[in-house]
Amino acid sequence: MDPRLNPFAPGAGTRPPAFAGRDPILEAADIALDRQIAGRHANSMILLGLRGVGKTVLLNRLHQEAKAKGYETVRLEVPDAAGGHLARMIVPMLDTVLRRLDRRRDAGARLCQAGANLANFAAAFKVSYQGFALGLDGDGLTAGSGNMEADLPDLMRAVWEAAADRGTALGLFIDEVQYLSKPELAALARTCHEAAQQGGRFLLIGAGLPQIAALAGEAKSYAERLFTYPEVGPLSPDAAREALTRPVEAEGAAFTDAALERIVADTQGYAYFLQSWGKFVWDEADASPITEDDVIRAHPAIRADLDQSFFRTRFDRCSAAEQQYLRAMAELGPGPHQTGDVARALGTESSQVANTRRKLIESGMIYSQRHGETAFTVPLFDTFMKRTMPDLVPYTPRKRA
Ligand SMILES: Nc1ncnc2c1ncn2[C@@H]1O[C@H](COP(=O)(O)OP(=O)(O)OP(=O)(O)O)[C@@H](O)[C@H]1O
Ligand SMILES: [Mg+2]
(Lines give C-alpha, C1' and ligand atoms only; values in the text may rest on other atoms or scores of the structure.)
(Ligands and ions follow the chains in the order given, each with its own letter.)
Protein backbone atom coordinates (compact mmCIF):
# COMPACT_ATOMS: atom_id res chain seq x y z
CA MET A 1 0.00 0.00 0.00
CA ASP A 2 1.05 3.61 -0.48
CA PRO A 3 4.17 4.23 1.65
CA ARG A 4 3.29 7.93 1.72
CA LEU A 5 0.27 7.09 3.83
CA ASN A 6 2.04 4.59 6.07
CA PRO A 7 1.03 5.67 9.59
CA PHE A 8 3.53 3.67 11.64
CA ALA A 9 6.48 5.31 13.36
CA PRO A 10 9.25 3.04 14.67
CA GLY A 11 11.94 5.14 16.33
CA ALA A 12 13.40 6.37 19.61
CA GLY A 13 10.78 8.43 21.40
CA THR A 14 8.81 8.91 18.14
CA ARG A 15 5.19 9.78 18.81
CA PRO A 16 3.12 6.72 17.90
CA PRO A 17 0.10 7.06 15.58
CA ALA A 18 -2.03 5.54 18.36
CA PHE A 19 -0.87 5.71 21.95
CA ALA A 20 -2.26 2.51 23.43
CA GLY A 21 -2.53 0.74 26.75
CA ARG A 22 -1.01 3.01 29.40
CA ASP A 23 -4.17 4.12 31.19
CA PRO A 24 -3.24 2.99 34.74
CA ILE A 25 0.12 4.82 34.63
CA LEU A 26 -1.42 7.92 33.05
CA GLU A 27 -4.11 7.96 35.73
CA ALA A 28 -1.61 7.54 38.59
CA ALA A 29 0.59 10.32 37.20
CA ASP A 30 -2.41 12.57 36.63
CA ILE A 31 -3.42 12.22 40.27
CA ALA A 32 0.14 12.85 41.48
CA LEU A 33 0.47 15.98 39.30
CA ASP A 34 -2.89 17.36 40.46
CA ARG A 35 -2.11 16.69 44.12
CA GLN A 36 1.34 18.23 44.02
CA ILE A 37 0.33 21.48 42.31
CA ALA A 38 -2.44 21.83 44.90
CA GLY A 39 0.15 21.53 47.68
CA ARG A 40 -0.72 17.95 48.66
CA HIS A 41 1.95 15.30 48.92
CA ALA A 42 2.49 12.81 46.08
CA ASN A 43 5.35 10.38 45.57
CA SER A 44 7.73 11.01 42.72
CA MET A 45 7.84 8.18 40.19
CA ILE A 46 10.34 6.42 37.99
CA LEU A 47 9.00 4.48 35.00
CA LEU A 48 10.91 1.23 34.60
CA GLY A 49 11.08 -0.91 31.50
CA LEU A 50 13.21 -2.63 28.88
CA ARG A 51 14.47 -1.03 25.66
CA GLY A 52 11.77 -0.06 23.19
CA VAL A 53 8.73 -0.57 25.45
CA GLY A 54 7.67 3.09 25.20
CA LYS A 55 9.17 4.82 28.26
CA THR A 56 10.29 7.97 26.45
CA VAL A 57 6.95 8.38 24.69
CA LEU A 58 5.17 8.02 28.02
CA LEU A 59 7.53 10.43 29.78
CA ASN A 60 7.00 13.01 27.01
CA ARG A 61 3.27 12.61 27.35
CA LEU A 62 3.43 13.19 31.12
CA HIS A 63 5.67 16.19 30.54
CA GLN A 64 3.08 17.70 28.19
CA GLU A 65 0.36 17.07 30.75
CA ALA A 66 2.34 18.75 33.50
CA LYS A 67 2.84 21.81 31.31
CA ALA A 68 -0.87 21.87 30.47
CA LYS A 69 -1.63 21.84 34.20
CA GLY A 70 0.54 24.92 34.65
CA TYR A 71 3.75 23.33 35.95
CA GLU A 72 7.12 24.90 35.37
CA THR A 73 9.12 22.00 33.99
CA VAL A 74 12.62 20.86 33.23
CA ARG A 75 13.13 17.85 30.96
CA LEU A 76 16.45 16.20 30.32
CA GLU A 77 17.92 12.97 29.01
CA VAL A 78 21.12 11.64 30.57
CA PRO A 79 23.30 10.74 27.56
CA ASP A 80 25.58 8.09 29.07
CA ALA A 81 27.13 6.79 32.27
CA ALA A 82 30.14 9.13 32.15
CA GLY A 83 28.75 11.16 35.10
CA GLY A 84 28.64 14.91 35.62
CA HIS A 85 25.88 15.52 33.08
CA LEU A 86 23.23 16.50 35.61
CA ALA A 87 24.76 19.83 36.68
CA ARG A 88 25.71 20.76 33.12
CA MET A 89 22.23 20.07 31.80
CA ILE A 90 20.07 21.34 34.63
CA VAL A 91 21.65 24.78 35.10
CA PRO A 92 20.61 26.38 31.80
CA MET A 93 17.16 24.79 32.06
CA LEU A 94 16.55 26.11 35.56
CA ASP A 95 17.79 29.48 34.36
CA THR A 96 15.03 29.41 31.73
CA VAL A 97 12.49 28.49 34.42
CA LEU A 98 13.56 31.47 36.55
CA ARG A 99 13.33 33.81 33.58
CA ARG A 100 9.82 32.57 32.86
CA LEU A 101 8.82 32.98 36.50
CA ASP A 102 10.23 36.50 36.42
CA ARG A 103 7.99 37.36 33.51
CA ARG A 104 4.94 36.37 35.53
CA ARG A 105 5.56 39.14 38.03
CA ASP A 106 8.40 41.39 39.26
CA ALA A 107 11.29 39.61 40.86
CA GLY A 108 10.45 38.68 44.43
CA ALA A 109 12.87 37.83 47.21
CA ARG A 110 12.50 34.11 46.59
CA LEU A 111 13.20 34.44 42.91
CA CYS A 112 16.36 36.42 43.72
CA GLN A 113 17.38 33.70 46.18
CA ALA A 114 16.82 31.03 43.53
CA GLY A 115 18.89 33.06 41.07
CA ALA A 116 21.67 33.33 43.65
CA ASN A 117 21.58 29.61 44.40
CA LEU A 118 21.76 28.83 40.70
CA ALA A 119 24.79 31.09 40.28
CA ASN A 120 26.49 29.45 43.29
CA PHE A 121 25.68 25.95 42.05
CA ALA A 122 26.92 26.72 38.53
CA ALA A 123 30.18 28.11 39.91
CA ALA A 124 30.71 25.12 42.23
CA PHE A 125 30.15 22.59 39.40
CA LYS A 126 31.99 24.70 36.83
CA VAL A 127 29.02 25.17 34.53
CA SER A 128 29.11 28.36 32.52
CA TYR A 129 25.79 29.89 31.50
CA GLN A 130 24.30 33.26 30.70
CA GLY A 131 23.43 34.05 34.33
CA PHE A 132 20.04 35.23 35.46
CA ALA A 133 20.85 38.91 35.80
CA LEU A 134 18.20 39.94 38.32
CA GLY A 135 19.32 41.34 41.65
CA LEU A 136 21.09 38.18 42.82
CA ASP A 137 20.96 39.61 46.32
CA GLY A 138 20.15 36.27 47.95
CA ASP A 139 22.44 34.39 50.31
CA GLY A 140 25.74 34.09 48.44
CA LEU A 141 26.73 30.74 49.93
CA THR A 142 23.77 28.41 49.54
CA ALA A 143 24.01 25.56 46.99
CA GLY A 144 27.65 26.32 46.22
CA SER A 145 29.63 23.90 48.40
CA GLY A 146 30.55 21.60 45.51
CA ASN A 147 28.90 18.64 47.23
CA MET A 148 26.15 17.51 44.89
CA GLU A 149 24.09 15.83 47.57
CA ALA A 150 23.94 19.03 49.62
CA ASP A 151 23.75 21.55 46.79
CA LEU A 152 21.13 20.09 44.48
CA PRO A 153 18.37 20.01 47.15
CA ASP A 154 19.24 23.61 48.12
CA LEU A 155 19.06 24.69 44.52
CA MET A 156 15.84 22.86 43.74
CA ARG A 157 14.17 24.05 46.93
CA ALA A 158 14.93 27.67 46.07
CA VAL A 159 13.41 27.16 42.62
CA TRP A 160 10.24 25.40 43.80
CA GLU A 161 9.76 28.09 46.46
CA ALA A 162 10.07 30.77 43.80
CA ALA A 163 7.59 28.79 41.68
CA ALA A 164 5.19 28.45 44.62
CA ASP A 165 5.33 32.24 45.04
CA ARG A 166 3.93 32.45 41.52
CA GLY A 167 1.24 29.88 42.28
CA THR A 168 2.87 27.05 40.35
CA ALA A 169 4.90 23.89 40.97
CA LEU A 170 8.15 22.49 39.61
CA GLY A 171 8.24 19.26 37.60
CA LEU A 172 11.53 17.54 36.78
CA PHE A 173 11.44 14.97 33.96
CA ILE A 174 14.53 12.81 33.44
CA ASP A 175 14.98 10.11 30.81
CA GLU A 176 17.65 7.35 31.06
CA VAL A 177 17.89 7.75 34.84
CA GLN A 178 20.09 4.63 35.11
CA TYR A 179 22.99 6.64 33.66
CA LEU A 180 23.05 9.09 36.58
CA SER A 181 26.06 8.73 38.87
CA LYS A 182 25.54 7.55 42.43
CA PRO A 183 26.02 11.05 43.94
CA GLU A 184 23.55 12.45 41.39
CA LEU A 185 20.96 9.80 42.22
CA ALA A 186 21.51 10.33 45.94
CA ALA A 187 21.10 14.09 45.44
CA LEU A 188 17.82 13.60 43.59
CA ALA A 189 16.51 11.24 46.26
CA ARG A 190 17.42 13.77 48.90
CA THR A 191 15.71 16.53 46.92
CA CYS A 192 12.49 14.49 46.83
CA HIS A 193 12.91 13.67 50.51
CA GLU A 194 13.15 17.35 51.43
CA ALA A 195 10.22 18.27 49.20
CA ALA A 196 8.13 15.65 51.00
CA GLN A 197 9.19 16.88 54.44
CA GLN A 198 8.72 20.58 53.70
CA GLY A 199 5.59 20.33 51.59
CA GLY A 200 7.52 21.62 48.57
CA ARG A 201 5.58 21.69 45.33
CA PHE A 202 7.97 19.50 43.41
CA LEU A 203 7.57 16.26 41.49
CA LEU A 204 10.22 14.15 39.79
CA ILE A 205 9.12 11.84 37.00
CA GLY A 206 11.92 9.71 35.60
CA ALA A 207 12.26 6.81 33.19
CA GLY A 208 14.88 4.17 32.60
CA LEU A 209 16.03 0.58 32.74
CA PRO A 210 14.89 -1.79 35.48
CA GLN A 211 18.13 -1.66 37.48
CA ILE A 212 17.28 1.87 38.68
CA ALA A 213 15.20 0.64 41.61
CA ALA A 214 18.23 -1.15 43.03
CA LEU A 215 20.62 1.72 42.16
CA ALA A 216 18.40 4.28 43.90
CA GLY A 217 18.12 2.03 46.94
CA GLU A 218 21.91 1.73 47.10
CA ALA A 219 22.34 5.50 46.73
CA LYS A 220 19.83 6.26 49.51
CA SER A 221 18.13 3.57 51.54
CA TYR A 222 14.95 5.64 51.92
CA ALA A 223 14.59 5.88 48.11
CA GLU A 224 12.41 2.78 48.26
CA ARG A 225 9.71 4.68 50.16
CA LEU A 226 10.14 7.95 48.24
CA PHE A 227 9.46 6.74 44.73
CA THR A 228 6.91 4.58 43.04
CA TYR A 229 8.23 2.50 40.17
CA PRO A 230 5.46 1.95 37.62
CA GLU A 231 6.42 -0.90 35.32
CA VAL A 232 6.24 -0.14 31.61
CA GLY A 233 5.90 -3.57 30.06
CA PRO A 234 4.82 -4.97 26.72
CA LEU A 235 1.30 -3.94 25.67
CA SER A 236 -1.50 -6.35 26.51
CA PRO A 237 -2.91 -8.20 23.46
CA ASP A 238 -5.91 -5.83 23.42
CA ALA A 239 -3.73 -2.73 23.59
CA ALA A 240 -1.40 -4.18 20.94
CA ARG A 241 -4.38 -4.70 18.62
CA GLU A 242 -5.47 -1.14 19.26
CA ALA A 243 -1.96 0.20 18.49
CA LEU A 244 -2.18 -1.57 15.13
CA THR A 245 -5.79 -1.12 14.06
CA ARG A 246 -6.44 2.50 15.00
CA PRO A 247 -3.79 3.99 12.69
CA VAL A 248 -4.73 1.65 9.84
CA GLU A 249 -8.45 2.39 10.18
CA ALA A 250 -7.72 6.11 10.22
CA GLU A 251 -6.35 5.57 6.69
CA GLY A 252 -9.50 3.69 5.67
CA ALA A 253 -7.79 0.26 5.68
CA ALA A 254 -7.97 -2.87 7.87
CA PHE A 255 -6.19 -6.07 8.98
CA THR A 256 -7.71 -9.54 8.76
CA ASP A 257 -8.04 -11.16 12.21
CA ALA A 258 -5.37 -13.70 11.33
CA ALA A 259 -2.92 -10.94 10.31
CA LEU A 260 -3.57 -9.10 13.55
CA GLU A 261 -3.11 -12.18 15.72
CA ARG A 262 0.08 -13.03 13.90
CA ILE A 263 1.61 -9.59 14.57
CA VAL A 264 0.51 -9.61 18.21
CA ALA A 265 2.19 -13.02 18.64
CA ASP A 266 5.37 -12.09 16.69
CA THR A 267 5.92 -8.84 18.58
CA GLN A 268 4.90 -10.10 22.03
CA GLY A 269 3.34 -6.67 22.49
CA TYR A 270 6.65 -4.74 22.51
CA ALA A 271 5.87 -1.20 21.38
CA TYR A 272 8.88 -0.72 19.11
CA PHE A 273 8.23 -4.05 17.38
CA LEU A 274 4.55 -3.19 16.86
CA GLN A 275 5.56 -0.01 15.03
CA SER A 276 8.19 -1.86 13.03
CA TRP A 277 5.88 -4.74 12.02
CA GLY A 278 3.11 -2.26 11.19
CA LYS A 279 5.38 -0.21 8.96
CA PHE A 280 6.81 -3.10 6.93
CA VAL A 281 3.58 -5.05 6.68
CA TRP A 282 1.77 -1.96 5.35
CA ASP A 283 4.45 -1.47 2.70
CA GLU A 284 4.37 -5.18 1.79
CA ALA A 285 0.59 -5.44 1.35
CA ASP A 286 -0.89 -4.69 -2.07
CA ALA A 287 -4.37 -3.87 -0.82
CA SER A 288 -6.61 -3.77 2.24
CA PRO A 289 -7.37 -5.88 4.21
CA ILE A 290 -3.80 -6.72 5.17
CA THR A 291 -3.51 -10.53 5.43
CA GLU A 292 -1.35 -12.98 7.38
CA ASP A 293 0.47 -13.74 4.10
CA ASP A 294 1.47 -10.09 3.89
CA VAL A 295 2.85 -10.35 7.42
CA ILE A 296 4.88 -13.44 6.57
CA ARG A 297 6.21 -11.87 3.37
CA ALA A 298 7.33 -8.82 5.37
CA HIS A 299 9.41 -10.88 7.82
CA PRO A 300 12.77 -10.68 5.99
CA ALA A 301 12.50 -6.89 5.63
CA ILE A 302 11.51 -6.52 9.29
CA ARG A 303 14.38 -8.68 10.46
CA ALA A 304 16.92 -6.88 8.29
CA ASP A 305 15.73 -3.51 9.55
CA LEU A 306 15.67 -4.51 13.22
CA ASP A 307 19.13 -6.04 12.93
CA GLN A 308 20.44 -2.87 11.32
CA SER A 309 18.78 -0.31 13.57
CA PHE A 310 17.40 -1.58 16.85
CA PHE A 311 19.90 -4.36 17.62
CA ARG A 312 23.08 -3.56 15.70
CA THR A 313 23.58 -0.03 17.04
CA ARG A 314 23.70 -1.41 20.57
CA PHE A 315 25.84 -4.41 19.66
CA ASP A 316 28.43 -2.24 17.88
CA ARG A 317 29.03 -0.21 21.01
CA CYS A 318 30.29 -3.30 22.91
CA SER A 319 33.88 -4.52 23.12
CA ALA A 320 34.79 -7.97 21.79
CA ALA A 321 34.76 -9.44 25.32
CA GLU A 322 31.34 -7.92 25.98
CA GLN A 323 29.99 -9.33 22.73
CA GLN A 324 31.25 -12.79 23.74
CA TYR A 325 29.49 -12.44 27.07
CA LEU A 326 26.23 -11.48 25.36
CA ARG A 327 26.63 -14.41 22.98
CA ALA A 328 27.01 -16.80 25.92
CA MET A 329 23.83 -15.40 27.47
CA ALA A 330 22.01 -15.92 24.16
CA GLU A 331 23.14 -19.54 24.18
CA LEU A 332 21.05 -20.02 27.32
CA GLY A 333 17.91 -18.39 25.81
CA PRO A 334 15.97 -15.17 26.49
CA GLY A 335 16.75 -15.15 30.23
CA PRO A 336 17.06 -14.04 32.95
CA HIS A 337 20.04 -16.32 33.61
CA GLN A 338 22.08 -17.24 36.61
CA THR A 339 25.35 -15.34 36.36
CA GLY A 340 27.25 -18.54 37.13
CA ASP A 341 25.59 -20.32 34.20
CA VAL A 342 26.70 -17.58 31.79
CA ALA A 343 30.29 -17.95 32.98
CA ARG A 344 30.03 -21.73 32.61
CA ALA A 345 28.73 -21.35 29.04
CA LEU A 346 31.93 -19.35 28.39
CA GLY A 347 33.96 -22.15 29.99
CA THR A 348 35.14 -20.03 32.91
CA GLU A 349 34.18 -18.74 36.35
CA SER A 350 32.06 -15.72 37.27
CA SER A 351 35.00 -13.86 38.82
CA GLN A 352 36.91 -13.98 35.50
CA VAL A 353 34.15 -12.20 33.63
CA ALA A 354 32.80 -10.01 36.45
CA ASN A 355 34.38 -6.88 34.98
CA THR A 356 32.84 -7.49 31.57
CA ARG A 357 29.44 -8.05 33.16
CA ARG A 358 29.75 -4.85 35.21
CA LYS A 359 30.58 -2.82 32.10
CA LEU A 360 27.59 -4.27 30.27
CA ILE A 361 25.33 -3.26 33.16
CA GLU A 362 26.81 0.26 33.23
CA SER A 363 26.23 0.72 29.51
CA GLY A 364 22.66 -0.49 29.88
CA MET A 365 22.94 -3.67 27.75
CA ILE A 366 22.03 -6.03 30.57
CA TYR A 367 20.57 -5.67 34.04
CA SER A 368 20.33 -7.60 37.23
CA GLN A 369 17.11 -7.40 39.15
CA ARG A 370 18.01 -10.06 41.66
CA HIS A 371 21.41 -10.89 43.03
CA GLY A 372 23.20 -13.43 40.84
CA GLU A 373 20.84 -12.93 37.92
CA THR A 374 21.54 -11.38 34.53
CA ALA A 375 19.09 -10.46 31.76
CA PHE A 376 19.07 -8.54 28.47
CA THR A 377 17.60 -5.04 28.50
CA VAL A 378 16.73 -5.38 24.81
CA PRO A 379 13.78 -7.69 24.05
CA LEU A 380 14.54 -10.60 21.68
CA PHE A 381 18.26 -9.79 21.84
CA ASP A 382 19.13 -13.48 22.25
CA THR A 383 17.82 -14.31 18.76
CA PHE A 384 19.77 -11.40 17.25
CA MET A 385 22.99 -12.49 18.98
CA LYS A 386 22.69 -15.98 17.54
CA ARG A 387 22.10 -14.60 14.05
CA THR A 388 24.95 -12.14 14.17
CA MET A 389 27.48 -14.38 15.99
CA PRO A 390 26.66 -17.95 15.01
CA ASP A 391 29.48 -19.42 17.12
CA LEU A 392 30.03 -19.22 20.84
CA VAL A 393 33.74 -18.68 21.52
CA PRO A 394 35.02 -19.79 24.96
CA TYR A 395 36.57 -17.20 27.24
CA THR A 396 40.31 -16.73 26.85
CA PRO A 397 42.15 -14.88 29.62
CA ARG A 398 44.00 -11.80 28.41
CA LYS A 399 47.75 -12.24 28.54
CA ARG A 400 49.48 -9.87 30.92
CA ALA A 401 52.41 -7.91 29.49
N1 LIG B 1 1.78 3.11 24.06
C2 LIG B 1 2.25 2.95 22.83
N3 LIG B 1 1.45 2.52 21.82
C4 LIG B 1 1.95 2.35 20.57
N5 LIG B 1 3.23 2.57 20.23
C6 LIG B 1 4.07 3.00 21.18
C7 LIG B 1 3.62 3.20 22.51
N8 LIG B 1 4.68 3.61 23.25
C9 LIG B 1 5.73 3.67 22.41
N10 LIG B 1 5.39 3.32 21.16
C11 LIG B 1 6.32 3.25 20.00
O12 LIG B 1 7.39 2.38 20.37
C13 LIG B 1 8.66 2.87 19.93
C14 LIG B 1 9.62 2.96 21.11
O15 LIG B 1 9.16 3.94 22.05
P16 LIG B 1 10.17 4.67 23.06
O17 LIG B 1 11.31 5.24 22.31
O18 LIG B 1 9.35 5.55 23.91
O19 LIG B 1 10.68 3.42 23.91
P20 LIG B 1 11.73 3.42 25.12
O21 LIG B 1 11.19 2.50 26.14
O22 LIG B 1 12.02 4.81 25.53
O23 LIG B 1 13.01 2.76 24.44
P24 LIG B 1 14.57 2.95 24.86
O25 LIG B 1 14.75 2.21 26.15
O26 LIG B 1 15.33 2.31 23.74
O27 LIG B 1 14.83 4.42 25.00
C28 LIG B 1 8.37 4.19 19.22
O29 LIG B 1 8.37 3.95 17.83
C30 LIG B 1 6.99 4.59 19.70
O31 LIG B 1 6.28 5.29 18.69
MG1 LIG C 1 13.73 5.94 25.59
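Residues numbered from 1 in each chain as written. Chains lettered and ligands numbered in written order. Predicted model: local features only at pLDDT ≥ 70, side-chain atom pairs only at ≥ 80, totals over all residues. Heavy atoms only, no water.

Naming follows an unreviewed UniProt entry, where the chain appears as ATPase of Jannaschia pagri.

Right, let's get into the sheet that holds strand β2 (residues 72-77). Taken together, 5 strands build an open sheet; the order of strands is β2-β3-β4-β1-β5 and the sheet is parallel. Looking along the sheet, the strands with just one partner apiece sit at the ends: β2 and β5 (227-228). Summarising the sheet, β2 and strand β3 (residues 170-175) pair through 6 bridges and their orientation is parallel. Counted as the bridge partner of valine 74 is leucine 172 from β3. Sheet strands in contact with helix α3 (residues 85-104) are β2 and β3, and its direction is about 160° off that of β2. Helix α6 (residues 182-198) contacts β1 (44-48), β3, β4 (202-208) and β5 of the sheet and is inclined by roughly 150° relative to β4. (Pairing = 2+ DSSP bridges. Helix = DSSP H or I, 4+ residues; strand = E, 2+ residues; numbered from the N terminus. Contact = heavy atoms within 4.5 Å. Axes fitted to C-alpha atoms, helices over the stretch in contact; angles between N-to-C directions.)

Here the focus is the site of ligand 1. Taken together, 26 residues form the shell around ligand 1, and within it Ala9, Gly13, Thr14, Lys55 and Thr56 come nearest. With respect to ligand 1, the backbone of glycine 54 contributes an N or O atom lying 2.9 Å from an oxygen atom. Glutamine 275 places a polar side-chain atom, nitrogen or oxygen, 3.0 Å from a nitrogen atom of ligand 1. Within the complex, 97% of the 640 Å² of free accessible area of ligand 1 lies under protein. Of all the cavities here, the one that holds ligand 1 is the largest pocket. Those elements that place two or more of their residues in the shell around ligand 1 are α2 (55-68) and α11 (271-284). Residues that form the shell around ligand 1 fall into these classes: 14 nonpolar, 7 polar and 5 charged. Counting residues domain by domain, the shell around ligand 1 receives three or more from each of domain 1 (3-14 + 235-314) and domain 2 (23-228). (Near = heavy atom within 4 Å. Polar contact = N/O pair within 3.5 Å; in protein donor to acceptor, adjacent residues only side chain to side chain. Areas by Shrake-Rupley, 256 points an atom, 1.4 Å probe, with all protein chains shown as cover. 1 Å grid on protein atoms, 1.4 Å probe; cavity = no way out; pocket = protein on both sides within 12 Å on 5 of 7 lines; lining within 4 Å. Sits in = over half its atoms within 2 Å of the grid points. Nonpolar A, V, L, I, M, F, W, Y, C, P; charged D, E, K, R; others polar. Domains from an automatic or database assignment.)

For the rest of this paragraph, the subject is the nonpolar core. Proteins that are soluble and globular tend to have nonpolar side chains buried together. Formed by 74 residues in total, the largest nonpolar core has its most connected members in Phe255, Leu326 and Phe381. The contact partners of phenylalanine 255, leaving out residues within four places of it in the chain, are Phe8, Leu244, Thr245, Val248, Leu260, Ile263, Val281, Pro289 and Ile290. Counting 52 residues, the second largest nonpolar core, distinct from the first, contains Leu48, Leu188, Ile212 and Ala223. (Core = buried A, V, L, I, M, F, W, Y, C linked by side-chain atoms within 4.5 Å. Buried < 20%, exposed > 50% of the residue type's maximum accessible area, 1.4 Å probe, protein only.)

Bringing the domain arrangement of the chain into the picture now. Here the domain parsing of the chain yields domain 1 (3-14 + 235-314), domain 2 (23-228) and domain 3 (317-388). Every contact between the two is made by 7 residues of domain 2 and, on the other side, 11 residues of domain 3. For domain 2, the biggest contributors to the area lost against domain 3 are Leu50, Arg51 and Gln211; these three give 56% of the whole. Across the domain 2-domain 3 interface, the total number found is 0 salt bridges. At the surface where domain 2 touches domain 3, the tally comes to 3 residue pairs in polar contact (both at pLDDT 80 or more). (Buried area = accessible area lost by both parts, 1.4 Å probe. Salt bridge = Lys/Arg side-chain N within 4 Å of Asp/Glu carboxyl O.)

Another point: the environment of arginine 110. By the element assignment, arginine 110 lies in helix α4 (residues 109-124). Separated by 101 residues in sequence, arginine 110 and glutamine 211 place their C-alpha atoms 37 Å apart. Excluding residues that lie within four positions of it along the chain, arginine 110 makes contacts with Ala158, Glu161, Ala162 and Asp165.

Moving on: empty space enclosed by the protein. Scanning all chains against the criterion turns up 1 cavity of 30 Å³ or more. Surrounding the largest cavity, Ile46, Ile174, Val177, Leu180, Leu185, Leu188, Leu204, Gly206 and Phe227 form its lining. Secondary structure elements with two or more residues in the lining of the largest cavity: α6 and β4. Here the lining of the largest cavity is built from residues that sort into 8 nonpolar, 1 polar and no charged. (Points joined across faces, edges and corners; volume = space filled by probe spheres on them.)

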